[in-house]
Amino acid sequence: MFVHRLTAADHGLLDVAVRRFRGIVVEDHAPFLEDPATVAFVALEDGDVAGWVRGCRQRHVGGYSQVQLYEIGVAEPARRHGIGRALLTAFRDHAVREGHSKMWLFTDEDNHPAKALYEACGGRPSPHADAGYWWLLDSGAVR
Ligand SMILES: CC(C)(COP(=O)(O)OP(=O)(O)OC[C@H]1O[C@@H](n2cnc3c(N)ncnc32)[C@H](O)[C@@H]1OP(=O)(O)O)[C@@H](O)C(=O)NCCC(=O)NCCS
């Protein structure tokens, strides 16, 4: 398994991910792939998309930049083999390399697998939202 960051050329991989994990058909992936805010990765196993994570870069009113992890998913038969952790780690490491101060997300209060993943990967429950998690990536961010 390896994790690949989607580029503007990755229409085919994104198309598989969107169909598999969102169950929708999208005519043109260019607006998403070419949006400067977009950050997205897929996990590939034997050339097939076993998981994905996507999110966006944001500027916080506090003066720093951050990334929101908007969605992460792993194909059901491939779960509990470390793919979710690999995707989240790739997303986080990329945010660190880009110099963002914070990574954050919302999940559902009753999504126990997701909450377990975020906690296993160092996420801290948000003080602002019941089902939010955040990662401080540098000391410049307001908590
Ligand atoms: C959440 C999800 C992405 C986890 O992906 P995954 O590939 O199964 O996770 P990993 O195998 O990398 O798990 C890493 C760690 O997270 C925790 N974890 C993950 N799934 C868990 C589960 N079902 N129960 C308990 N702990 C779990 C464990 O600590 C695990 O480490 P371990 O296997 O060594 O015990 C996957 O369950 C999924 O796609 N769910 C449906 C989509 C979804 O709800 N996404 C989140 C929306 S916000």
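Counting of residues starts from 1 at the beginning of each chain's written sequence and follows it residue by residue. Under the rules for a predicted model, residues below a pLDDT of 70 receive no local features and side-chain atom pairs below 80 are neither given nor counted, while totals for whole chains, interfaces and linings still include all residues. Side-chain descriptors were evaluated using all non-hydrogen atoms of the structure, hydrogens and water having been removed beforehand.

(A) How the structure looks around the nonpolar core. By size, the foremost hydrophobic cluster in this structure holds 24 residues, and its most contacted members are L88, F91, M103, Y118 and W135. When residues of this core are assigned to their parent elements, the largest contribution, 6 residues, is made by helix α3 (residues 83-98). The nonpolar core is taken to be a set of buried Ala, Val, Leu, Ile, Met, Phe, Trp, Tyr and Cys residues, with the residues joined through side-chain atoms within 4.5 Å. Burial classification: accessible surface area is computed with a 1.4 Å probe over protein chains only, and a residue below 20% of its type maximum counts as buried, one above 50% as exposed, and the rest as partly exposed. One finds L6, V18, V49 and W52 within the second-largest nonpolar core, a separate group that totals 12 residues. By definition, any uninterrupted DSSP run of H or I lasting at least four residues is a helix, any uninterrupted run of E lasting at least two residues is a strand, and each is numbered from the N terminus.

(B) Geometry of the sheet that holds strand β4 (residues 65-74). Taking strand neighbours across the sheet as the criterion, the 7 strands line up as β1-β2-β3-β4-β5-β7-β6 in an open arrangement whose pairing is mixed. Single-partner strands in this sheet number two, and they are β1 (2-5) and β6 (124-125). Where β4 and strand β5 (residues 102-106) come together, 3 bridges link them in parallel fashion. Considered in β5, the bridge of Q66 is made with K102. The contact rule is simple, with two residues in contact once any of their heavy atoms fall within 4.5 Å. Every axis corresponds to a line fitted to the C-alpha atoms, with the helix fit spanning only the stretch in contact, and the corresponding angles, defined between N-to-C directions, vary from 0 to 180 degrees. The strands touched by helix α1 (residues 11-22) are β1, β2 (38-45), β3 (48-59) and β4; relative to β3, the strand with the most contacts, the crossing angle is about 95°. Across the sheet, helix α4 (residues 112-120) is in contact with β4, β5 and β7 (132-136); its angle to β7 comes to roughly 15°. Strand pairing requires that DSSP identify at least two bridges connecting the strands.

(C) Up close: the pattern of salt bridges. When a carboxyl oxygen of Asp or Glu lies within 4 Å of a side-chain nitrogen of Lys or Arg, that pair is called a salt bridge. If you walk through the whole model with that rule in mind, you get 7 salt bridges. The salt bridge partner of D15 is R19, with a shortest N-O separation of 2.8 Å. Here D15 pairs with R19, and both are found in helix α1, just 4 residues apart, close to one helical turn. Residue D15 is classed as buried on the basis of its relative accessible area, which comes to 18%. Residue D93 pairs with R92 through a salt bridge whose shortest N-O separation is 3.8 Å. Each of R22, R54 and E71 takes part in salt bridges that share partners, so that together they form one network.

(D) Spatial organisation of the site of the ligand. Around the ligand sit 19 residues in total, of which I72, V74, G84, R85 and N111 are the nearest. A distance of 2.8 Å separates an oxygen atom of the ligand from a polar atom in the backbone of G84. Here an oxygen atom of the ligand and a backbone polar atom of R85 are 2.8 Å apart. When the ligand sits alone it has 920 Å² of accessible area, and the protein chains cover 71% of it. Every element with two or more residues in the shell around the ligand is listed here: β4, α3 and α4. With 6 residues, the single largest contributor to the shell around the ligand is α4. The nonpolar class holds Ala, Val, Leu, Ile, Met, Phe, Trp, Tyr, Cys and Pro. Asp, Glu, Lys and Arg form the charged class, and all remaining residues, Gly among them, are polar. Of the residues that constitute the shell around the ligand, the class distribution is 10 nonpolar, 6 polar and 3 charged. The rule for a residue being near a molecule or strand is that one of its heavy atoms must lie within 4 Å of it. We define a polar contact as two N or O atoms separated by no more than 3.5 Å, with the added condition that, inside protein, one atom must be a possible hydrogen donor and the other a possible acceptor, whereas residues neighbouring each other in sequence contribute only through side-chain atom pairs. Note on areas: these come from Shrake-Rupley sampling with a 1.4 Å probe, and a residue is covered only by the protein chains present in the view.

(E) View of the packing of aromatic side chains. Each pair of aromatic rings taken from Phe, Tyr and Trp, with Trp reduced to its six-membered ring, is defined by centres within 6.5 Å and is described as stacked if the planes are under 30 degrees apart, edge-to-face if over 60, and tilted in the remaining cases. Under the defined criterion, the tally for this structure stands at 5 aromatic pairs. Between Y118 and Y133 the ring centres are 5.6 Å apart and the planes differ by 55°, which places this aromatic pair in the tilted class. Separated by 15 residues along the polypeptide, Y118 in helix α4 and Y133 in strand β7 bring together distant segments of the chain. Of the two residues, Y118 and Y133, both sit in the buried class.

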